[in-house]
Amino acid sequence: MDSPIPDINTVRDYLTGLQDRICSAIEQADGQARFVEDAWTRAPNDILLAGRGRTRIMRDGEVFEQAGIGFSDVSGNRLPPSATAARPELVGAQWRAVGVSLVFHPRNPHLPTTHANVRHFRAEKDGETVAWWFGGGFDLTPFYPVDEDVLHWHRVARALCEPFGGDERYAAHKRWCDEYFLLKHRDETRGVGGLFFDDLHTGFDDDFGYMRAVGDGFLDAYLPIVERRKDVPFGERERQFQLYRRGRYVEFNLVFDRGTHFGLQSGGRTESILMSLPPLVRWEYGFTPEPDSPEARLVEYLRPRDWLGEAGAAVD
């Protein structure tokens, strides 16, 4: 590396503070439930040297049926083959990864499910750093999408990108999000996207700053949507459609999500890795929504779109 990079504990301290701030804000937004913390450690295995974290879960709230936000700090003496296949310099390296990940499953079908993650990875050989990067992003998964919400979500995303490359950064990481959160076997996106980035290592200070902007920007993007949609009336029809569409969330996380795969393959803590799954879900064979129904309208939102351009602002 050209110059020493700051101690990884600097990133860790930011992440634990971020977890605290988001928990406090979401408890206030819910108004009833509180997060319960599960502080954990992981015994060493043939991959892990150490693992520790704190998983916080809110259940049965006024607004959130289940909300999970976890901090993890794990290190190992080798990486699973899936992580080294395209990165031969990581073979035999010791590594450490710190991150915060959240998934919130609201009770009201008119309030979207959401996910956010920010993380830092570092690998060393013989006391020398051989690789480091930042990753993260946030995305939104509505069941009954509202253009006002989608546009707000993407405007916040674009604004936080402004100091780090502006429209070019936003366009690149929005596109990455669209491509990453794609259910290939369904030929549909998981939702209306947002930002996603990985392996970012252009310069430590700027990259750490961008990761913080994404982490800090999540509440700015999500809380106004919570306030607008949490009290919208709904009935059993909307509830059943919400449970059906939650099945797509499960499919993506188990089939495609890199973080889930890495966690399970590296011997991570299963309960914390799978906290993203919804508390209730259903599948239905061959389900087709009624033509011109609110449920049928969702399909128009499950494909990449320039939300902030003229084409994206006018969704039929």
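Everything in this summary refers to the structure shown in the same document.

What counts, and where the lines are drawn
Residues numbered from 1 in each chain as written. Predicted model: local features only at pLDDT ≥ 70, side-chain atom pairs only at ≥ 80, totals over all residues. Heavy atoms only, no water. Helix = DSSP H or I, 4+ residues; strand = E, 2+ residues; numbered from the N terminus. Expected span 1.5 Å × (residues − 1). Buried < 20%, exposed > 50% of the residue type's maximum accessible area, 1.4 Å probe, protein only. Core = buried A, V, L, I, M, F, W, Y, C linked by side-chain atoms within 4.5 Å. Phe/Tyr/Trp six-rings, centres within 6.5 Å; stacked < 30°, edge-to-face > 60°. Lys NZ or Arg CZ within 6 Å of the ring centre and 35° of its normal. Pairing = 2+ DSSP bridges. Axes fitted to C-alpha atoms, helices over the stretch in contact; angles between N-to-C directions. Parallel < 35°, antiparallel > 145°, perpendicular 65-115°, else oblique. Left-handed = near helix turned anticlockwise from the far one by under 90°. Contact = heavy atoms within 4.5 Å. Nonpolar A, V, L, I, M, F, W, Y, C, P; charged D, E, K, R; others polar. Polar contact = N/O pair within 3.5 Å; in protein donor to acceptor, adjacent residues only side chain to side chain. Salt bridge = Lys/Arg side-chain N within 4 Å of Asp/Glu carboxyl O.

**Section: helix α4 (residues 166–180)**
Part 1 of the argument: With 15 residues, α4 extends 21 Å from end C-alpha to end C-alpha; this agrees with the ideal 21 Å at 1.5 Å per step.
Part 2 of the argument: Taken together, the buried positions of α4 are occupied by Gly-166, Arg-169, Tyr-170, His-173, Lys-174, Cys-177, Asp-178 and Tyr-180.

**Describing the nonpolar core**
Part 1 of the argument: By size, the foremost hydrophobic cluster in this structure holds 56 residues, and its most contacted members are Phe-104, Phe-138 and Phe-218.
Part 2 of the argument: Broken down by secondary-structure element, the contributors of at least two residues to this core are α1 (8–30), β3 (64–76), β4 (94–106), β5 (113–125), β6 (128–141), α3 (147–161), β9 (193–200) and α5 (204–229).
Part 3 of the argument: The leading source of residues in this core is α5, at 12 residues.
Part 4 of the argument: Counting residues in hydrophobic clusters, the runner-up holds 11 residues, among them Val-74, Leu-90, Phe-121 and Ala-123.

**Side note on the packing of aromatic side chains**
Part 1 of the argument: In total, this model carries 28 aromatic pairs according to the counting rule given.
Part 2 of the argument: Between Trp-95 and Phe-121, the aromatic rings sit 6.3 Å apart at their centres with planes inclined by 20 degrees, giving stacked as the arrangement. Taken together, the positions of Trp-95 in strand β4 and Phe-121 in strand β5 put the pair 26 residues apart, joining distant regions of the chain. Neither residue differs from the other here; Trp-95 and Phe-121 are each classed as buried.
Part 3 of the argument: Aromatic ring contacts, followed pair by pair, group Phe-64, Phe-104, Phe-138, Trp-153, Phe-218 and Tyr-222 into a single cluster.
Part 4 of the argument: When the ring centre of Tyr-210 is taken as origin, the NZ or CZ atom of Arg-169, which lies over that ring, is 4.4 Å away.

**Let's talk about the pairing of β5**
Part 1 of the argument: When you tally the buried positions in β5, you get 10 out of 13 residues, the bulk of the element.
Part 2 of the argument: In terms of strand pairing, β4 meets β5 through 11 bridges, oriented antiparallel. The residue of β5 that forms the bridge with Trp-95 is Ala-123.
Part 3 of the argument: Between β4 and β5, which pair antiparallel one after the other, the connecting turn spans six residues.
Part 4 of the argument: One ladder, built from 13 bridges, connects β5 with β6; its direction is antiparallel. Bridging from a neighbouring strand, Thr-114 pairs with Leu-140 of β6.
Part 5 of the argument: Where β5 folds back onto β6 in an antiparallel hairpin, the turn is made up of two residues, including Asp-126, whose phi is positive at roughly 50 degrees.

**Some details on the packing of α3 against α4**
Part 1 of the argument: Between α3 and α4, the least distance of the axes is 8 Å, while the angle of their chain directions is 125 degrees. Relative to α4, α3 is oriented oblique. Viewed along their axes, α3 and α4 form a crossing whose handedness is right-handed. Counted together, His-154, Ala-157, Arg-158 and Cys-161 of α3 and Gly-166, Asp-167, Arg-169, Tyr-170 and Lys-174 of α4 form the full contact between these two elements.
Part 2 of the argument: The residue inventory of the contact of α3 with α4, partitioned by class, reads three nonpolar, two polar and four charged.

**A word on the environment of His-201**
Part 1 of the argument: Within the secondary structure, His-201 is located in the loop between β9 and α5.
Part 2 of the argument: Looking at His-201, the relative accessible area reads 44%, which means it is partly exposed.
Part 3 of the argument: A C-alpha to C-alpha distance of 11 Å links His-201 and Met-211, two positions 10 residues apart in sequence.
Part 4 of the argument: Discounting residues that sit within four places of it in the chain, His-201 has contacts with Trp-132, Trp-133 and Asp-207.
Part 5 of the argument: From its side chain, His-201 meets the backbone oxygen of Asp-199 in a polar contact 2.8 Å long.

**Some words on the side chain of Arg-122**
Part 1 of the argument: Mapped onto the secondary structure, Arg-122 falls in strand β5.
Part 2 of the argument: In this structure the side chain of Arg-122 is engaged in a polar contact, spanning 2.9 Å, whose partner is the backbone oxygen of Pro-6.
Part 3 of the argument: Here Arg-122 is in contact with Ile-5, Pro-6, Asp-7, Ile-8, Gln-94, Trp-95, Arg-96, Thr-129, Ala-131, Trp-132 and Phe-204, once residues within four sequence places are set aside.

**Side note on the pattern of salt bridges**
Side chains that differ in sign of charge can pair as their charged atoms come close.
Part 1 of the argument: In the structure shown here, the tally under the stated rule is 24 salt bridges.
Part 2 of the argument: Note that Glu-295 is salt-bridged to Arg-237, the shortest N-O span being 2.7 Å. Placement of the pair is Glu-295 in helix α9 (residues 294–297) and Arg-237 in helix α6 (residues 236–255), with a sequence separation of 58 residues.
Part 3 of the argument: Salt bridges sharing common partners tie together Asp-20, Glu-37, Arg-54 and Arg-56.

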